[in-house]
Amino acid sequence: MASAPFAMRARGIVKDFDNGGTSARVLHGVDLEIEPGRLTLLIGPSGCGKTTLLSILTGILTPSAGTVEVQGVCITELRGARKARFRREHLGFIFQQYNLLPALTAAENAAIPLVADGMPLAEAAKRARTTLARIGMADHADKRPNQLSGGQMQRVAIARALVHAPSVIVCDEPTAALDEQTGRTVMEILREIASDPSSAVLVVTHDNRIYHFADRIVTMNDGRITGELPPPRAPEPLHA
Amino acid sequence: MNLVALKMLLGDRAKYLGLVFGIGFATLLMSQQVSIFIGLMTRTASQIMDVREADVWVMHPRVKYVDELEAMPDVDLSRVRGVDGVAWAVPLYKGNAVIRSNEGLLQQVILMGLDDGSLVGRPPKILMGSLADLKRPNALMIDRAGHQFIWPGEPLSIGRVVEINDRRVEIVAIAKASPPFVTFPVVYTRYSEALRFTPPQRNKLSFVIVKAAAGVEPKRLAARIRERTGLQALTWQDFAWRSVRHYVERTGIPVNFGITVTLGFIVGAAVAAQTFYIFVLENLRQFGALKAIGVTDFQILRMVILQALVVGVLGFALGIGLCGVFFWLTRDVPALDGFVLRWQVIAGTAVAVAIIMLLSSLASIRKVFVLDPAVVFRG
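Conventions adopted
- Residues numbered from 1 in each chain as written.
- Chains lettered and ligands numbered in written order.
- Predicted model: local features only at pLDDT ≥ 70, side-chain atom pairs only at ≥ 80, totals over all residues.
- Helix = DSSP H or I, 4+ residues; strand = E, 2+ residues; numbered from the N terminus.
- Rg over C-alpha atoms; globule rule 2.2 N^0.38 Å.
- Buried ≥ 20, exposed ≤ 12 C-beta atoms within 10 Å, placed from the backbone.
- Contact = placed C-beta atoms within 7 Å.
- Core = buried A, V, L, I, M, F, W, Y, C linked by C-beta atoms within 7 Å.
- Nonpolar A, V, L, I, M, F, W, Y, C, P; charged D, E, K, R; others polar.
- Pairing = 2+ DSSP bridges.
- Axes fitted to C-alpha atoms, helices over the stretch in contact; angles between N-to-C directions.
- Parallel < 35°, antiparallel > 145°, perpendicular 65-115°, else oblique.
- Left-handed = near helix turned anticlockwise from the far one by under 90°.
- Expected span 1.5 Å × (residues − 1).
- pLDDT = per-residue confidence, 0-100.

J.: What is the right way to look at the overall build of chain A in this model?
T.: Looking only at helices and strands, one finds seven helices and 10 strands in chain A. For chain A, the C-alpha radius of gyration of 18 Å lies close to 18 Å, the compact-globule estimate for 240 residues. Across the 240 residues of chain A, 49% fall into the buried class. Intrachain contacts of chain A at a sequence separation of at least 6 include 68% that bridge at least 24 residues.

Below you can see the structure in the form of structure tokens.
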């Protein structure tokens, strides 16, 4: 695979949804590049098309027009199992609602991408423990999701996104369900991940409390990229 | 992902147990009812199947099944014996009689009169006494179920004297006979004694049972006997099936059992399909997450099929096990004598359970397949 200056690149993305016979366009020719070694925030009001764009960037949705390249591979040309395999090898996902399997332990949940790739569960869970330890969850590796707090569950989700060393990590509102302190902890972890020059982190968010963690903030409105904001400075601690 | 699928299944213990017990109940209902139905239908031909020496049964042309009797004149025995290919042919009497025990109990019985010389037509197993004693005058053999029916709770014993159609006879042996469809006791005596015990009638020859000569095919011999004598002649298999078919076609028994078995299937399918569907529905976000992460549709399909397979196999094993235990526990109950769990019933029920699980998982699989993984991005 040829190395590219960007981890992910979208060109001319258009998405139309069939709405009972009429077509509704939610993305109007979006161009976006996500660079490795940076934490990029994608912000915008509800309904502006962020989630649709995220789904297309990760190959979950197919655009009506345009192309998406990840690590130089045009994923819009991939189909079915090949696309799924590409996703599980090159992308890591962090969801707002964590989406952990309640019957599995934290280590087993974090191991899912490896298991999906054919690694036996026990071996994959062993490897996932290392990832959990990296984000301070070593003591919780054997707990099930119902024994964890929201922040801990999100950290397990982060471990699941990291365990197979993907080149791009996409996060959908990762702090929306968390209190401020826990959200900050999660963002610090993502910030650290983004400091690795081989990883890119893309975060879709509404949460203006986390803007200062970004290297870059892309704004979106009405299905279009409207520009970029300079990342604000981190707020001063209340008790210095 | 197989282990993940199993952990997902076992993790939701209430639904998992609900599924296993639902399938188990359906399996039990289907296998037990079909076994009892087959046992009942087999009983309709049990007296034919007990006469193992005979290849061909000859009877009056108007006889439709084994319990419908129209006697032939004795001369028909000689006519049958005169047909080429007959190794031997002996008479068999079958009729109803009433016996009175010393205690004064009146009981209707099925009276079988066996050939005086060979005693062909005797039941397969003698439990007490000697078959040779049946050659004594006024001797009677009774089947075990009949003994238990007339003298409940008493140990099997020979030497009792009873009256049969007002003639005193001694029970000289007790046999293990296949139970008949009607629950009357079956008693055996010699043919000549049976004629003596029963009221005078012009014709008393119920059946002629025939052994084909070596190298003669029973079906061909039956056709030849029909052609030469004008009597009705059937191989024992054909006669047995005709008797079974009569009860199947002329009684409401198959409809009744059919309804129960169908209900078992429907209830099992409904419980399993609904529970399995809800199980998948509740895990839909998780399946969506798996799809988003990169688990392929084929992997998901395998997961759902494995879950259905595990539930199906465990439920089936539970149901068949319970059915087996039922028949084992009731093996000595006279009313259920001959009712067993046959391998054919096990195989048939397995197919029914497989269909139930297939139907149950189809709706769930479809739901997972059409699931848009983008659902995980919606809070």
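J.: I tried to follow the nonpolar core on my own but got confused; where do I start?
T.: One broad trend across soluble globular proteins is that nonpolar side chains are buried collectively. Core analysis: the biggest nonpolar cluster contains 121 residues, and A:Ala111, A:Ala159 and A:Val168 have the highest contact counts within it. With nine residues, the top contributor of residues to this core is helix H2 (residues 13–43) of chain B. Residues within four places of A:Ala159 in sequence aside, it is in contact with A:Ala110, A:Ala128, A:Thr131, A:Leu132, A:Ile135 and A:Met137. Core analysis: the next-biggest nonpolar cluster, separate from the first, contains 57 residues, B:Ile110, B:Ala177, B:Leu205 and B:Ala240 among them.

J.: Please explain the interface of chain B and chain A as it appears in this structure.
T.: The figure often quoted for interface size is the accessible area lost as the parts come together. Each partner contributes residues to the interface: chain B has 24 residues there, and chain A has 27 residues. Of all the elements in the fold, those that place two or more residues in the side of chain B that touches chain A are helix H1 (2–11), helix H10 (284–293) and helix H11 (297–329) of chain B. In terms of residue class, the side of chain B that touches chain A is built from 15 nonpolar, six polar and three charged.

J.: Can you walk me through the sheet that holds strand E8 (residues 200–205) of chain A in this structure?
T.: Strand pairing within a sheet occurs via backbone hydrogen bonds; the two strands may be parallel or antiparallel. Residues and elements named next belong to chain A. Ordered in space as E6-E7-E8-E3-E9-E10, the six strands form an open sheet in which the pairing is mixed. Two strands close off the open sheet at either side, each with one partner strand: strand E6 (91–94) and strand E10 (224–229). Across the sheet, the axes of successive neighbouring strands diverge by a mean angle of 20°, strand direction being ignored. Two elements, strand E3 (residues 39–43) and strand E9 (residues 216–221), share four bridges in a ladder whose sense is parallel. Bridge pairing in E9 links Leu 41 to Ile 217. Contacting E3, strand E7 (168–172), E8 and E9, helix H1 (residues 50–57) crosses the sheet at an angle of about 155° to E7.

J.: Would you explain the packing of helix H6 (residues 150–162) of chain A against helix H7 (residues 180–194) of chain A in this entry?
T.: All names here are of chain A. Running from N to C, H6 and H7 cross one another at 15°; their axes reach a closest spacing of 9 Å. Taken as axis vectors, H6 and H7 run roughly parallel relative to one another. Crossing geometry of H6 relative to H7 is assigned as right-handed. On the side of H6, the interface is formed by Gly 150, Gly 151, Gln 154, Arg 155, Ile 158 and Leu 162, while H7 contributes Thr 182, Thr 185, Val 186, Ile 189 and Ile 193. Within the contact of H6 with H7, the residues separate by chemical class into five nonpolar, five polar and one charged.

J.: I'm lost on the environment of A:Pro102 in this one. Help?
T.: Within the secondary structure, A:Pro102 is located in the loop between E6 and helix H3 (106–110). Look at A:Pro102 and you get partly exposed, because 15 C-beta atoms sit within 10 Å. Counting along the chain gives 43 residues from A:Pro102 to A:Pro145, while the straight-line C-alpha distance between them is 5.6 Å. Here A:Pro102 is in contact with A:Arg144, A:Pro145, A:Asn146 and B:Gly11, once residues within four sequence places are set aside.

J.: Quick question: what am I supposed to make of the pairing of strand E10 (residues 232–235) of chain B here?
T.: Within a regular beta strand, the side chains point alternately toward one face of the sheet and then the other, so they alternate between its two faces. Residue and element names in this part refer to chain B. The alternating pattern of E10 places Gln 232 and Leu 234 and Ala 233 and Thr 235 on opposite faces, both of which are buried. Pairing of strand E1 (residues 56–59) with E10, which is carried by four bridges, proceeds in the antiparallel orientation. Directly across from Met 59, in E10, lies its bridge partner Gln 232.

J.: Help me understand the sheet that holds strand E4 (residues 65–70) of chain A in this model?
T.: All names here are of chain A. Ordered in space as E2-E1-E4-E5, the four strands form an open sheet in which the pairing is antiparallel. Both edges of this open sheet fall to strand E2 (22–34) and strand E5 (73–74), since each of them pairs with a single strand only. As defined by bridge partners, E4 adjoins E5 across two bridges and the pair is classed as antiparallel. The residue bridging Glu 69 from the neighbouring strand is Cys 74, located in E5. Sheet strands in contact with H1 are strand E1 (8–19), E2 and E4, and its direction is about 120° off that of E1.

J.: What am I meant to see in the packing of H2(B) against helix H9 (residues 253–282) of chain B here?
T.: Axis angle and axis distance: for two packed helices, these are the angle between their axes and the distance between the axes, and together they describe the pair. Residue and element names in this part refer to chain B. Look at H2 against H9: their axes get within 9 Å of each other, and the N-to-C directions meet at 170°. As far as their axial angle goes, H9 and H2 are roughly antiparallel. In this structure, the crossing between H2 and H9 has a hand that is left-handed. Class assignment for the residues of the contact of H2 with H9 results in 19 nonpolar, seven polar and one charged.

J.: Sorry, what's going on with H9(B) here?
T.: One full turn of an α-helix is made of 3.6 residues, so residues set three or four places apart face in the same direction. Residue and element names in this part refer to chain B. Taking 1.5 Å of rise per residue, 30 residues should cover 44 Å, and H9 covers 43 Å from first to last C-alpha, within 8% of that figure. Within H9, burial applies to Val 261, Gly 264, Gly 268, Ala 269, Val 271, Ala 272, Ala 273, Thr 275, Phe 276, Phe 279 and Val 280. Next to the buried residues of H9 lie H2, H10, H11 and helix H12 (343–370).

J.: Just checking my understanding: could you explain the confidence of the model for chain A for this structure?
T.: Chain-level statistics for chain A give a pLDDT mean of 86 and a share of 95% at 70 or above. The least confident element of chain A, judged by mean pLDDT, is H7(A) at 83; the most confident is H3(A) at 93.

J.: Sorry if this is basic, but what is going on with unusual backbone geometry here?
T.: With the exception of glycine, the majority of residues adopt a negative phi angle, and the majority of peptide bonds are in the trans configuration. One non-glycine residue, A:Asn99, lies in positive phi territory at about 55°. Within the secondary structure, A:Asn99 is located in the loop between E6 and H3. Here B:Asn138, not a glycine, exhibits a phi torsion of approximately 55°, which is positive. Among the secondary structure elements, B:Asn138 is positioned in the loop between strand E4 (125–129) and strand E5 (139–143).

J.: Any chance you could explain the pairing of E4(A) here in plain terms?
T.: Residues and elements named next belong to chain A. As defined by bridge partners, E1 adjoins E4 across five bridges and the pair is classed as antiparallel. In the strand pairing of E4, Val 14 is matched with Ala 65. The turn joining E4 and E5, which pair antiparallel and follow one another in sequence, is formed by two residues; a positive phi near 55° is taken by Gln 71.

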